[in-house]
Amino acid sequence: MTIRLDAVRWSASGRVIVDGVTLDVAPGSTLGLVGPNGSGKSSLLRLVCRLRRVASGVVTLDGTDVAALPRLAVARRVALVEQQAGTEAQLNVRQVVALGRTPHLGALAPWTTADAEAVETALDQVGMAERRDQPWHTLSGGERQRVQIARALAQEPRELLLDEPTNHLDIRHQLEILGLVRRLPATVMVALHDLNLAAMFCDTLAVLQAGRIVAAGPPEAVLDEELIRSVFGVRARVGRSPHHGRPQVEYLVDV
Ligand SMILES: Nc1ncnc2c1ncn2[C@@H]1O[C@H](COP(=O)(O)OP(=O)(O)OP(=O)(O)O)[C@@H](O)[C@H]1O
């Protein structure tokens, strides 16, 4: 369940977007991708699940080049939750989550009770079980986000890629979803804007700036005042939470 990127580059419209990224995500660990808008976080996640093809370099899953894996094999093991949820206009919540089982189904593998159980478990995990029959298009932004996460969980992925999974969530659900993600046996890459949440829930962080990794390692080794100033252009003080012992960022702005 290891994700490895070696000198990965990707360009679009003649511009280098991901610029020689080398990263190693240990099996079962959670890596937080942080960096300013446009630094390449979403692009990197798409390269890992082969939604985009690298221009050079290699992405491996358990040592196998993703480019060499059949499309279905990638779909069975890697789940991506993107920022913009698709519009499953005609479906209800349970049907959207059931889409996560699609890669596991086939002519010789029809829907089973195990598939139904995976869907129910995923709905429970995100606290949407009681809404299973509600039409998708009637959900709030945060509810849609939780259902998209449930869809990825129902897929039972070995690698889970999340692009800003908490941006629509209230604080309780932000904490619950990131806590849940962290406890999963999957290897996780999660793009996050909130540095405090990233420090609390990620085993390691990788900081992207203009498509390059400028720092990587455990949160306490990565997050410091100079990095936050140089990458984000913000003055900050970084301490340790007396509660959980993780780094805690305080932004030094006049309010
Ligand atoms: N297909 C494309 N064609 C042209 N430019 C692209 C394409 N895809 C991404 N980009 C550009 O690449 C840069 C990185 O985009 P990306 O979405 O990966 O950043 P991000 O770090 O996820 O940003 P955000 O924090 O705003 O979500 C941006 O400047 C974006 O405009």
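Residues numbered from 1 in each chain as written. Predicted model: local features only at pLDDT ≥ 70, side-chain atom pairs only at ≥ 80, totals over all residues. Heavy atoms only, no water.

The name that an unreviewed UniProt entry assigns to the chain is ABC transporter ATP-binding protein, with the source organism given as Lichenibacterium ramalinae. Checking UniProt for the chain, the heading Sequence similarities (unreviewed entry) contains the comment "Belongs to the ABC transporter superfamily." (UniProt positions renumbered as here; feature names shortened; annotations may be inferred.)

Positioned with a positive phi, Ser-13 is a non-glycine residue whose angle comes to about 50 degrees. Relative to the helices and strands, Ser-13 resides in the loop between β1 (3–12) and β2 (15–25). Overall, the relative accessible area of 82% leaves Ser-13 in the exposed class. (Helix = DSSP H or I, 4+ residues; strand = E, 2+ residues; numbered from the N terminus. Buried < 20%, exposed > 50% of the residue type's maximum accessible area, 1.4 Å probe, protein only.)

A word on the site of the ligand. Around the ligand there are 15 residues in total, and Arg-15, Gly-38, Lys-41, Ser-42 and Ser-43 lie nearest to it. Arg-15 has a polar side-chain atom sitting 2.8 Å from an oxygen atom of the ligand. At 2.5 Å, a side-chain N or O of Ser-43 approaches an oxygen atom of the ligand. Here the ligand loses 66% of its free accessible area of 640 Å² to cover by the protein chains. Of all elements in the fold, only β1, β2 and α1 (41–48) reach the threshold of two or more residues within the shell around the ligand. Broken down by element, the residue count for the shell around the ligand peaks at 3 residues, all from α1. (Near = heavy atom within 4 Å. Polar contact = N/O pair within 3.5 Å; in protein donor to acceptor, adjacent residues only side chain to side chain. Areas by Shrake-Rupley, 256 points an atom, 1.4 Å probe, with all protein chains shown as cover.)

Between helix α4 (residues 113–125) and helix α5 (residues 141–154), whose axes approach to 8 Å, the crossing angle comes to 140 degrees. By the angle class used here, α4 and α5 are oblique. Where α4 crosses over α5, the handedness of that crossing is right-handed. Where α4 abuts α5, its residues Ala-118, Val-119, Ala-122, Leu-123 and Gln-125 lie against Ala-150, Leu-153 and Ala-154. The residue makeup of the contact of α4 with α5, split by class, is 7 nonpolar, 1 polar and no charged. (Axes fitted to C-alpha atoms, helices over the stretch in contact; angles between N-to-C directions. Parallel < 35°, antiparallel > 145°, perpendicular 65-115°, else oblique. Left-handed = near helix turned anticlockwise from the far one by under 90°. Contact = heavy atoms within 4.5 Å. Nonpolar A, V, L, I, M, F, W, Y, C, P; charged D, E, K, R; others polar.)

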